[in-house]
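# Examination of the molecular architecture
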Amino acid sequence: MKFGKSICVLNVGGTRYAFTREVIRDFPLRRVSRLHACATEKEVLELCDDYDRDRNEFFFDRHAQAFVFIMLYVRSGKLRFVPGVCELSFYTEMLYWGLESAHLDSCCQKRLDDRMSEIGLDSLSEADIRVSGDESQSTSEPVQRAALTGRAKWLERMRKTFEEPNSSLAAQLLASVSVIFVIVSMIMLCASTLPDWDTAKRNTVEEHRIVEAVCIGWFTAECIVRFLVARDKWDFLRRPLNIIDVIAITPYYVTMAMARAGMPGAGLGVAGVILRVLRMMRVFWLMKLARHFLGLQTLGLTLRRCYREMVMLMVFVCVAMAIYSALAQLLEHGLDLGTQNQDYASIPAAAWWVIISMTTVGYGDVYPVTVGGRVLGGMCVVSGIVLLALPITFIYHSFVQCYHELKLRSARYARSLSTEMLQ
């Protein structure tokens, strides 16, 4: 900015805000920060509605109360909807100032997704909302990036590349490579349990070692890079998927260290059993696919939101199992009527029959033989259907809602990716 005074005044809907040029230059809102680079009044008027050179005042004909909440976000980092203002109208203001729906708090982001779903939109575009000015600038990067230096920007870009597979083309390529390594690792794990695997492994030992080493090396490098670029290292270590990564990777290095020390895994006794158990934990690498597939993300989000309903379902099942297993043990074995059924010799043994009956699985390995036991079995099956159906309605609605939210979020990422590719 090569004109005006050192103090800049922003007049938004009649409310005035005074800032220095340095603050304007590093302002988190893109439309405001771009004022610093303007060299002529014509360029300024492309960003604002009017400009007063004498007072160095920039006029924006926008919603004053909405800008108050946006300024609170600039100061505190939390963005919420204005009470009494339409979600779409506030979103329009956000896009005008250079914010995106990802900057909203999760509760408000959910409200916005629900509102967009009601009117049948997967996303709002410039044509839908008619943002004034020549640029809506709905960037997907966090607002704080505007004030970040080169190294911090690089770290943030790396973090999004590894943590958000749909954030860019490079992130999608990296995610595809990661999925390939997961699939190869799972194939190797499954093949290692085949009877002819040991013979094949002896014939091609070097090839198997190379494939295993490459897969483990990739997962190790990915885990280390994600840890280095993580914003909160402690929060990174507490995430279940990251814990699974570490548990799955560690046995390989422990085995290699013991092999170098002359301690073969087969002769380690308890230690060898523990290593084999930990090695089998690699199957949980399939959970890494949740970062790349909408269905698994929906399942995880549904389980997290419906934990109360899941607990309620478990309580229903446990209470019914305790009642029916006690009655089944009494009718089939405890009354001593000359037809004792040894499959119901104890309540825990009868509990197995109850759980497979309530879930309508019915393997047929255990079944009642007395009249009273069969009547009880029919009651157990019918009550099991009813008890399992009661919480399912809540879980189903939550699943549909979670799927729709994630679908909208995926559509926004796809739109941002398309913009990046066109640029």
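The model shown is predicted, which means the values in this text are computed figures rather than measured ones.

Conventions used here
Residues numbered from 1 in each chain as written. Predicted model: local features only at pLDDT ≥ 70, side-chain atom pairs only at ≥ 80, totals over all residues. Heavy atoms only, no water. Helix = DSSP H or I, 4+ residues; strand = E, 2+ residues; numbered from the N terminus. Buried < 20%, exposed > 50% of the residue type's maximum accessible area, 1.4 Å probe, protein only. Contact = heavy atoms within 4.5 Å. Areas by Shrake-Rupley, 256 points an atom, 1.4 Å probe, with all protein chains shown as cover. Expected span 1.5 Å × (residues − 1). Core = buried A, V, L, I, M, F, W, Y, C linked by side-chain atoms within 4.5 Å. Patch = residues over 30% accessible without salt bridge, like charges linked within 9 Å, V, L, I, M, F, W, Y side chains within 5 Å. Salt bridge = Lys/Arg side-chain N within 4 Å of Asp/Glu carboxyl O. Phe/Tyr/Trp six-rings, centres within 6.5 Å; stacked < 30°, edge-to-face > 60°. Pairing = 2+ DSSP bridges. Axes fitted to C-alpha atoms, helices over the stretch in contact; angles between N-to-C directions. pLDDT = per-residue confidence, 0-100.

### Description of the overall build of the protein chain
- Across its full length, the protein chain carries 18 helices and four strands.
- Residues counted as buried form 37% of the 423 residues belonging to the protein chain.
- Across the protein chain, the fraction of contacts at a sequence separation of at least 24, relative to all contacts at a separation of at least 6, is 62%.
- For the protein chain, the accessible surface area stands at approximately 23600 Å², while carbon and sulfur atoms represent 63% of it.

### Comments concerning helix α17 (residues 347-358)
- With twelve residues, α17 ought to run about 16 Å at 1.5 Å a step, and its terminal C-alpha atoms sit 16 Å apart, in line with that.
- Directly beyond the C-terminal end of α17, a positive phi value near 60° is found at T360.

### Structural notes on the nonpolar core
- Counting 38 residues, the largest nonpolar core has F58, F60, F90 and W97 as its most contacted members.
- Within the residue set of this core, elements represented by two or more residues are β1 (7-12), β2 (15-20), β4 (57-60), α4 (64-76), α5 (87-97) and α6 (106-118).
- For this core, the leading source of residues is α5, giving seven residues.
- Setting aside chain neighbours within four positions, we find F90 in contact with A66, F69, I70, L79, R80, F81, V82, V85 and L104.
- By size, the runner-up hydrophobic cluster in this structure holds 14 residues, among which are V179, I216, F219 and W285.

### A look at the side chain of S185
- Among the structural elements, S185 can be located in helix α9 (residues 169-191).
- Overall, the relative accessible area of 6% leaves S185 in the buried class.
- Discounting chain neighbours no more than four positions away, the residues touching S185 are C215, F219 and W285.

### What to know about a nonpolar patch on the surface
- Residues F293, L296, L299, L303, M310, I392, Y396, F399, V400 and Y403 make up a contiguous nonpolar surface patch of roughly 880 Å² in combined accessible area.
- Residue assignment for the nonpolar patch shows that the elements contributing at least two residues are α15 (294-305) and α18 (371-422).
- If one sorts the elements of the nonpolar patch by residue count, α18 sits on top with five residues.
- Tracing the sequence through the fold places L303 in helix α15.

### Let's talk about the pattern of salt bridges
- Within the structure shown, the criterion is met by nine salt bridges.
- The salt bridge partner of R53 is E41, with a shortest N-O separation of 2.8 Å. Of the two residues, R53 sits in the loop between β3 (50-52) and β4 while E41 sits in helix α3 (residues 41-45), which places them twelve residues apart along the sequence.
- With relative accessibility at 43%, the residue R53 sits in the partly exposed group.
- Between D52 and R55 there is a salt bridge, and its shortest N-O distance comes to 3.1 Å.

### Concerning unusual backbone geometry
- A positive phi angle, close to 50°, is found at N56, a residue other than glycine.
- Along the chain, N56 falls in the loop between β3 and β4.
- Residue N56 is classed as buried on the basis of its relative accessible area, which comes to 0%.
- Residues other than glycine seldom take positive phi values, yet T360 does so here, at roughly 60°.
- By the element assignment, T360 lies in the loop between α17 and α18.

### Topic: the packing of aromatic side chains
- Scanning all chains against the criterion turns up twelve aromatic pairs.
- Taken together, a centroid distance of 5.6 Å and an interplanar angle of 85° make the contact between F81 and F90 edge-to-face.
- Classification of F90 as buried rests on a relative accessible area of 0%.
- Measuring from centroid to centroid gives 5.6 Å for Y344 and W353, while their planes differ by 70°, and the two rings are edge-to-face. An identical accessibility class is assigned to Y344 and W353; each is buried.

### Here we look at the pairing of β1
- Across the six residues that make up β1, a large majority, five, are buried.
- Strand direction decides the pairing type here: β1 and β2, joined by six bridges, are antiparallel. When the bridges of β2 are listed, C8 appears paired with F19.
- Here β1 folds back onto β2, and the loop between the two strands holds two residues, one of which, G13, carries a positive phi near 60°.

### Here we look at the sheet that holds β4
- The sheet built from four strands is open, its strands ordered β2-β1-β4-β3 with mixed pairing. With partners counted over all chains shown, the strands left at the sheet margins are β2 and β3, one partner each. Direction aside, neighbouring strands of the sheet carry axes that sit 20° apart on average.

### Things to note about α5
- The element α5 is largely enclosed, with a buried count of ten among its eleven residues.
- Buried within α5 are the following residues: E87, L88, F90, Y91, T92, E93, M94, L95, Y96 and W97.
- Immediately beyond the C-terminal end of α5, within one or two residues, lies G98, with a positive phi of roughly 100°.

### So, the confidence of the model for the protein chain
- Per-residue confidence for the protein chain gives a mean pLDDT of 77; residues scoring 70 or more make up 82%.
- The spread of mean pLDDT over the elements of the protein chain runs between helix α7 (residues 126-129), the lowest at 43, and α17, the highest at 90.
- Confidence over residues 125-148 falls short of pLDDT 50; this stretch has 55 contacts with residues more than four positions distant or in other chains.

### Things to note about the pairing of β4
- Bridging between β1 and β4 involves four bridges; their strand directions are parallel. Note on β4: the bridge partner recorded for V9 is E57.
- As paired strands, β3 and β4 are joined by three bridges and run antiparallel to one another. The partner of D52 across the bridge, within β4, is E57.
- Hairpin remark: β3 followed by β4, antiparallel, with four residues in the connecting loop; positive phi at N56, about 50°.

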